[in-house]
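Next come the chains, spelled out residue by residue.
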Amino acid sequence: MIDLPAPKPDVLARRDEILAGLRALLPGDGVITEPARVKPYETDGLSAYRQPPLAVALPRTTEEVAAILGFCHRNGVRVVPRGAGTSLSGGALPLADSVVLGLMRMNRIIEVDYANRLAVVEAGVTNLGITNHIAADGFFYAPDPSSQLACMIGGNVGMNSGGAHCLKYGVTANNLLGLKAVTVEGEIVELGGRHLDAAGYDWLGLLTGSEGQLAVVTEVTVRILHAPEGQRAMLAAFKGTEIAGAAVDAIIGSGIIPVALEFMDRPCIHACEAFAHAGYPLDAEAMLIIEVEGSVEEQDMLLGKLKEICSRFDPISLKVAQTVEESMAIWKGRKGAFGAVGRISPDYLCMDGTIPTGELPHVLRRIGEMSAEYGLQVANVFHAGDGNLHPLIMFDANDAESFRRAEAFGADILKLCVEVGGCLTGEHGVGVEKRDLMPVQFTPFELDQMRALKSAFDPQWLLNPAKVFPLEGNPVLRQAA
Amino acid sequence: MSDVLAPADEAGVAAAVAEAARAGEPLAVEGRGTKRAMLRPVQAARTLSLRNLSGITLYRPQELILSARAGTPLAEIEAALAEHGQQVVAEPPVLAAIFGGGQGPSIGGLVATNLSGPRRITAGAMRDHVMGIRAVNGLGEAFHNGGRVLKNVTGLDLCKLLTGAHGTLGVLTEVTLKVLPAAERSGTLAIAVPDLETGVRALSAGLGSPYGVNGAALLAGEAPRALLRIEEFSESVAYRLGRLREALERFGDAAVIEDVESRELWRGIREAEPLAAQPEDAVWRVSVQPTAGPGVVAAAGLPRALLDWGGGLVWLAGPATADSHRRVMGAARTAGGSFTLFRAPEPLRAAVPVLPEEGKVLAAIRERIRAVMDPKGILSPGRMYAG
Ligand SMILES: Cc1cc2nc3c(=O)[nH]c(=O)nc-3n(C[C@H](O)[C@H](O)[C@H](O)COP(=O)(O)OP(=O)(O)OC[C@H]3O[C@@H](n4cnc5c(N)ncnc54)[C@H](O)[C@@H]3O)c2cc1C
């Protein structure tokens with residue numbers, strides 16, 4: 001279990017006064033305090049952790065965000081920024097003495113500019129909402145986290161989220177031009193703009209993935225792209241994870257960078273097949289979904305080359321989609337992977353480490369051994385091209401011991417990722433979940449230096465404190481506790 | 001020329017910086033010194049050169065990852081990549097036409113200046129492909145950030161903070177880059193356009209098409225030409241150029257430039273050669289939204305211009321005067337963009353802002369960040385901002 005800092009007694013004591021102050025800034029129903037309506041904000045995608053906040057504030061404009069932050073800053077109140085609350089690392093978990101600053105009412109698409117290939121949207125617009133808005137004109141916003149129906153662009157910036165297609169199109173940071181943000185003092189700043197590579201320090205890059213630690217994002221200028229003429233997938237199943245790993249190496253080595261290159265292990269194949277009936281081969285140890293883009297002829301050409309490469313690795317099955325429908329059928333299982341695992345097990349933890357791709361067979365073998373040691377099942381999905389591994393650890397939340405073991409198992413997997421040259425998190429962020437593992441990847445000095453940079457933005461540690469950095473060694477938070 | 005310290009390893013860099021911090025003596029930080037004349041002149045008696053920290057330390061073609069010590073020449077890295085048919089994604093320039101060649105830039109210098117070439121428009125900048133760094137802060141303390149994997153959101157992204165910081169927040173000692181396969185073939189569609197506005201419209205139409213245009217430049221002058229590049233497998237290059245031609249012929253007469261010639265053309269654009277900057281010219285780089293590019297050229301009123309990145313990157317060259325600079329700054333500001341005084345005689349560089357001034361709030365945060373990373377103010381002080 002993860003410790004949270006003690007609530008600030010003075011803030012709890014002044015609760016009524018603080019709520020009245022907030023209500024004065026957000027008239028109408030902008031401030032929520034009734035327990036029943038606060039409930040949905042108690043947790044996020046890491047639902048094992050729950051904590052009701054002091055209040056939830058739901059501003060509609062950047063100016064309102066600035067007013068709330070200024071007020072909270074003057075009153076020493078902690079603020080937890082929140083988008084859709086789909087974080088899998090507890091990034092949006094409230095603190096008992098905090099105001100949850102929910103951006104979901106800031107959901108306007110302000111402008112779409114096709115000539116300059118950009119869109120200006122408010123932080124509470126959903127990821128898919130951007131693409132849906134421009135799809136009729138042939139455009140899309142590239143980063144596509146599996147949660148894209150719900151998650152919001154502000155949260156995507158918070159976590160620097162990725163998706164299945166980021167091998168080709170990059171993650172959130174690579175698809176932004178500008179941000180409007182509010183500092184903890186309530187000052188509105190613009191970072192970047194409508195142009196590439198603004199001169200000066202890369203504020204845009206530093207804020208992206210900073211998990212709400214540095215400022216609150218209210219508006220985002222994203223790059224948009226014209227969709228390719230078409231895309232099609234193929235499925236390749238192999239007798240061993242080593243063999244599938246070698247096939248991935250051969251594909252990358254051939255000079256083809258598929259738009260997506262997804263890997264599933266045996267337990268995952270079985271879970272997905274039982275759920276989606278996508279026609280996955282149940283005798284395979286590992287399966288790849290490979291997607292290419294272009295005209296039909298180009299797809300044929302690329303899929304032909306890929307088929308030839310895969311056939312060198314003694315595949316159990318090779319299925320090239322001939323139509324869009326067949327392509328969707330191949331994807332169906334993968335896209336439902338989380339739901340599929342949710343059907344076998346009441347609860348699961350979705351881990352998110354990255355490893356050098358060459359280490360995959362070793363890492364999967366070790367995860368298999370740990371699974372036996374911990375007595376917990378695990379299914380692995382893997383963005384194979386970029387080394388981002390998602391082990392889904394199944395446990396029973398009603399059984400405290402099972403949860404404890406699941407957390408310990410997860411921590412061991414992430415330590416293993418670091419040990420083989422990778423990192424604790426590829427796209428889900430540190431949040432509270434991996435906070436106490438940070439010393440595995442960083443030296444005490446490196447952590448102190450990052451904390452000092454956080455302090456440069458937020459000297460009193462009011463913005464989403466207790467996340468990302470271990471509490472141990474944090475002078476500001478220890479004082480407060 | 002000032003005294004040069006050129007340690008052979010990271011420990012040597014750390015010791016040199018720690019010593020300078022103790023003595024309160026600033027250092028001009030450089031890689032191989034090719035961009036010494038960029039931005040403001042640094043007030044430092046001594047130079048810290050990274051040229052002896054050289055060599056590729058890790059290259060895994062199948063993992064699309066390469067690490068090299070900061071002083072490694074770009075040429076050495078490109079040669080190693082070429083053996084496996086791969087390349088540095090952002091197509092960084094050497095800029096011999098602007099700064100003189102020397103032995104070419106170091107990879108650390110390219111990261112520190114975040115300089116990217118034509119491919120930036122679709123494939124991302126240097127900053128997008130820096131997966132990891134090792135560096136030494138202004139107290140001589142070594143640290144790492146990021147790593148050697150392609151996806152990493154662990155902790156604050158100091159790779160981004162130090163990329164483009166021109167050596168001011170830390171001395172890069174090693175960088176790890178994402179690399180990608182080089183395309184089999186290059187091809188270009190060249191369209192004779194009546195004016196720059198039409199040219200940018202043609203580039204926007206091309207970049208807004210499904211054909212994966214990854215170079216979009218505009219040659220200014222008497223007979224402007226819009227250039228759109230495809231880099232792909234051979235079959236695709238032919239097909240896509242054909243489709244682009246059908247789509248873009250309405251903007252002017254179009255011709256196809258084939259592989260070898262196309263590569264040479266874009267090498268030149270990467271190097272800003274068509275700008276034809278004269279030895280006595282000052283050179284600016286302005287970044288704006290693409291449709292604002294022609295307006296910047298007009299408002300700056302300088303004799304030489306070249307547009308890349310779909311019209312959004314405007315290279316300008318002309319008289320090295322405070323008046324020219326004022327016009328460029330004004331043009332960039334009006335267009336809502338950013339400028340860099342790229343090359344100028346020292347007195348001009350020392351007298352004017354070489355980058356846009358930041359607002360009060362950001363400037364205050366910037367100073368607090370500098371106080372964390374370089375509390376004694378010894379890492380290339382004055383390079384980016386006066387004072
Ligand atoms: C089923 C499922 C699938 C998922 N698939 C993926 C995937 O494929 N790829 C991936 O990368 N992630 C994935 N995620 C994780 C999650 O969806 C992403 O992290 C997402 O970006 C979070 O967005 P959100 O709007 O829900 O943000 P929240 O969860 O509300 O917040 C995320 C973090 O950002 C901060 N934050 C939110 N808004 C702002 C703001 N406006 N300004 C400053 N900080 C802010 C929060 O404080 C928090 O630290 C998945 C989650 C689920 C539940």
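Treat the numbers as computed from the prediction; the structure is a model and nothing was measured. Note that residues are indexed from 1 along each chain, following the sequence as it is written. Each chain gets a letter, beginning with A, and each ligand a number, beginning with 1, in the order they are written. It should be noted that, the model being predicted, local features are given only for residues of pLDDT at least 70 and side-chain atom pairs only at 80 or more, the latter also being counted only at that level, while totals for whole chains, interfaces and linings use all residues. By convention in this description, side-chain values take in all heavy atoms of the structure and omit both hydrogens and water.

**What to know about the overall build of chain A**
Our working rule: A run of H or I in DSSP becomes a helix once it reaches four residues, and a run of E becomes a strand once it reaches two; helices and strands are each numbered from the N terminus. Using C-alpha atoms as the atom set, the radius of gyration is obtained and then compared with a globule rule of 2.2 Å times the number of residues to the power 0.38. Buried means the residue's accessible area, taken with a 1.4 Å probe over protein chains only, is under 20% of the maximum for its type, while exposed means over 50%, and partly exposed covers the values in between. Residues are treated as being in contact if the distance between any of their heavy atoms lies within 4.5 Å. Residue-level accessible areas treat just the shown protein chains as cover; the underlying method is Shrake-Rupley with a 1.4 Å probe. In this tally Asp and Glu are treated as negative and Lys and Arg as positive; neither His nor the chain ends contributes. Just so you know, the charge point we use is NZ for Lys, CZ for Arg, CG for Asp and CD for Glu.
A count of helices and strands for chain A gives 18 helices and 19 strands. At 23 Å, chain A has a C-alpha radius of gyration in line with the 23 Å of a compact globule built from 481 residues. Seen along its three principal axes, the alpha-carbon backbone of chain A occupies a region of about 70 × 55 × 45 Å. Relative to its full complement of 481 residues, chain A shows a buried share of 64%. In chain A, of all internal contacts separated by at least 6 residues, the share reaching a separation of at least 24 is 71%. Accessible surface for chain A amounts to roughly 16100 Å². Of this, 54% is attributable to carbon and sulfur atoms. Distance between charge centroids for chain A: 3 Å, based on 40 positive and 59 negative side chains.

**A few points about the pattern of salt bridges**
The cut-off we apply is this: Put simply, a salt bridge is a Lys or Arg side-chain nitrogen that is within 4 Å of an Asp or Glu carboxyl oxygen.
Following the criterion strictly, the structure yields 57 salt bridges over all chains and no others. Close ionic contact of Glu-262 of chain A with Arg-334 of chain A constitutes a salt bridge, the shortest N to O distance being 2.7 Å. Highlighted residues: Glu-262 of chain A in strand S13 (residues 260-265) and Arg-334 of chain A in helix H12 (residues 324-335), separated in sequence by 72 residues. Both residues of the pair, Glu-262 of chain A and Arg-334 of chain A, belong to the buried class. Its salt-bridge partner being Arg-185 of chain B, residue Glu-258 of chain B comes within 3.3 Å of it at the nearest N-O pair. Within this pair, whereas Glu-258 of chain B is found in the loop between strand S13 (254-257) and helix H10 (259-270), its partner Arg-185 of chain B is found in strand S10 (residues 185-192), the two being separated by 73 residues in sequence. By sharing partners, the salt bridges in this structure join Asp-197 and Asp-202 of chain A together with Arg-120, Arg-127 and Asp-128 of chain B into a single network.

**A word on the site of the ligand**
Residue and element names in this part refer to chain A. To keep things clear, this is the line we draw: A single heavy atom is enough: if one lies within 4 Å of a molecule or strand, its residue is considered near that molecule or strand. Polar contacts, as counted here, are pairs of nitrogen or oxygen atoms within 3.5 Å of one another; within protein the pair requires one atom able to donate a hydrogen and one able to accept it, and residues that are adjacent in sequence qualify only if both atoms are side-chain atoms. By the convention adopted, Pro, Cys, Tyr, Trp, Phe, Met, Ile, Leu, Val and Ala count as nonpolar, Lys, Arg, Asp and Glu as charged, and the other residues, Gly among them, as polar.
Around the ligand lies a shell of 33 residues, among which Pro-81, Gly-83, Thr-86, Ser-147 and Ser-161 are the nearest. Between an oxygen atom of the ligand and a side-chain N or O atom of Asn-156, the distance comes to 2.8 Å. At 2.8 Å, a backbone N or O of Val-217 approaches a nitrogen atom of the ligand. Contributing elements (two or more residues each) for the shell around the ligand: strand S3 (78-82), helix H6 (153-159) and strand S10 (216-223). For the shell around the ligand, the leading source of residues is H6, giving five residues. Of the residues that constitute the shell around the ligand, the class distribution is 14 nonpolar, 16 polar and three charged.

**Side note on the interface of chain B and chain A**
Note the cut-off: Buried area is understood as the total, over both parts, of accessible area removed when two parts are fitted together, assessed with a 1.4 Å probe.
Contacts between the two partners involve 75 residues from chain B, matched on the other side by 89 residues from chain A. Carbon and sulfur atoms supply 59% of the area that chain B and chain A bury against each other, a total of about 6500 Å² over both sides. Looking at the side of chain B facing chain A, the largest losses of area belong to Lys-151, Val-153 and Leu-156 of chain B, adding up to 14% of the total buried there. The tally of links between chain B and chain A comes to six salt bridges. Here Asp-197 of chain A ties to Arg-120 of chain B by a salt bridge, and the two come within 2.8 Å at their closest N and O atoms. Counting across the chain B and chain A interface gives 26 residue pairs in polar contact (both at pLDDT 80 or more). Per-element tally for the side of chain B that touches chain A: the top contributor is helix H14 (residues 360-373) of chain B, with nine residues. Residues of the side of chain B that touches chain A, tallied by class, amount to 35 nonpolar, 22 polar and 18 charged.

**Overview of the nonpolar core**
What counts here: Working definition of a nonpolar core: buried Ala, Val, Leu, Ile, Met, Phe, Trp, Tyr and Cys residues. They are joined through side-chain atoms within 4.5 Å.
With 214 residues, the main nonpolar core has Ile-191, Trp-315, Leu-316 and Ile-369 of chain B as its most contacted residues. Setting aside residues up to four positions removed in sequence, Leu-316 of chain B forms contacts with Leu-275, Ala-282, Val-283, Trp-284, Val-286, Val-296, Val-297, Ala-300, Leu-302, Arg-304, Ala-305 and Val-328 of chain B. Membership of the second largest hydrophobic core comes to 27 residues, among which are Val-11, Val-79, Leu-103 and Met-106 of chain A.

**Considerations on unusual backbone geometry**
Among all residues except glycine, the phi angle is most often negative; among peptide bonds, the trans geometry is most common. A positive phi is found at Leu-95 of chain B, a non-glycine position, where the angle reads about 65°. Inspection of the secondary structure puts Leu-95 of chain B in the loop between strand S6 (86-88) and helix H3 (96-99).

**Thoughts on the sheet that holds strand S12 (residues 225-232) of chain B**
Residue and element names in this part refer to chain B. This is how it is decided: Two strands qualify as a pair provided that DSSP identifies no fewer than 2 bridges between them. Fitted lines through C-alpha atoms give the axes, limited to the stretch in contact for helices. The angle between two N-to-C directions lies from 0 to 180 degrees.
Spatial ordering of the open sheet is given by S13-S10-S12-S11-S15-S16-S14-S17, a layout of eight strands whose pairing is antiparallel. Two strands close off the open sheet at either side, each with one partner strand: S13 and strand S17 (338-343). Averaged over all pairs of adjacent strands, the angle between their axes in this sheet comes to 20°, without regard to strand direction. Pairing of strand S14 (residues 282-287) with S17, which is carried by five bridges, proceeds in the antiparallel orientation. The residue of S17 that forms the bridge with Arg-285 is Thr-340.

**Some points on the domain arrangement of chain B**
Residue and element names in this part refer to chain B. Using the following cut-off: As used throughout, domain bounds are those supplied by an automatic or database domain assignment.
When the domains of chain B are assigned, the result is domain 1 (1-182 + 357-387), domain 2 (185-270) and domain 3 (273-351). The gap between the C-alpha centroids of domain 1 and domain 2 is 33 Å. On the domain 2 side, the residues contacting the 10 residues of domain 1 number nine residues. Here domain 1 meets domain 2 over a buried area of about 710 Å², counting both sides, of which 55% is carbon and sulfur. Between Arg-229 and Glu-91 there is a salt bridge, and its shortest N-O distance comes to 2.9 Å. At the junction of domain 1 and domain 2, the tally comes to two residue pairs in polar contact (both at pLDDT 80 or more). Split by residue class, the side of domain 1 that touches domain 2 holds six nonpolar, two polar and two charged.

**A short note on helix H9 (residues 234-248) of chain B**
Note the threshold: The span you would expect from a helix comes to 1.5 Å times its residue count less one. For this quantity, the arc is that covered by the directions from the helix axis to the C-beta atoms.
With 15 residues, H9 of chain B extends 21 Å from end C-alpha to end C-alpha; this agrees with the ideal 21 Å at 1.5 Å per step. Among the residues of H9 of chain B, those classed as buried are Ser-236, Val-237, Arg-240, Leu-241, Leu-244 and Leu-248 of chain B. The buried residues of H9 of chain B occupy one face: seen down the axis, they fall within an arc of 120°. Facing away from the buried side of H9 of chain B, by more than 90 degrees, are the exposed residues Ala-238 and Glu-246 of chain B. Contacts from the buried residues of H9 of chain B go to strand S14 (286-293) and helix H11 (296-311) of chain A together with S10, helix H8 (196-207), S12 and S13 of chain B.

**Things to note about the sheet that holds strand S5 (residues 109-113) of chain A**
Residue and element names in this part refer to chain A. Spatially, the five strands line up as an open sheet ordered S5-S6-S10-S8-S9, and their pairing is antiparallel. With partners counted over all chains shown, the strands left at the sheet margins are S5 and strand S9 (188-192), one partner each. Looking at each pair of strands side by side, their axes are set apart by 10° on average, direction ignored. Sheet analysis places strand S6 (residues 118-122) next to S10, joined by five bridges and oriented antiparallel. Within the sheet, the bridge partner assigned to Glu-122 lies in S10 and is Glu-219.

**A few points about the packing of helix H17 (residues 444-457) of chain A against H14 of chain B**
When two helices pack together, you describe them by how their axes are tilted relative to each other and by the distance separating the axes. Applied cut-off: Under this scheme an angle from 65 to 115 degrees is roughly perpendicular, one under 35 degrees roughly parallel, and one over 145 degrees roughly antiparallel; angles in between are oblique. Left-handed describes a crossing in which the near helix is turned anticlockwise from the far one by less than a right angle; the clockwise case is right-handed.
At their nearest, the axes of H17 of chain A and H14 of chain B sit 9 Å apart, and the two run at 160° to each other. It follows that H17 of chain A is roughly antiparallel to H14 of chain B by the angle criterion. Note on packing geometry: the crossing formed by H17 of chain A with H14 of chain B is right-handed. Contacts from Gln-449, Ala-452, Leu-453, Ala-456 and Phe-457 of chain A in H17 of chain A reach Ile-365, Arg-368, Ile-369, Val-372 and Met-373 of chain B in H14 of chain B. Classifying every residue of the contact of H17 of chain A with H14 of chain B by side-chain character gives eight nonpolar, one polar and one charged.

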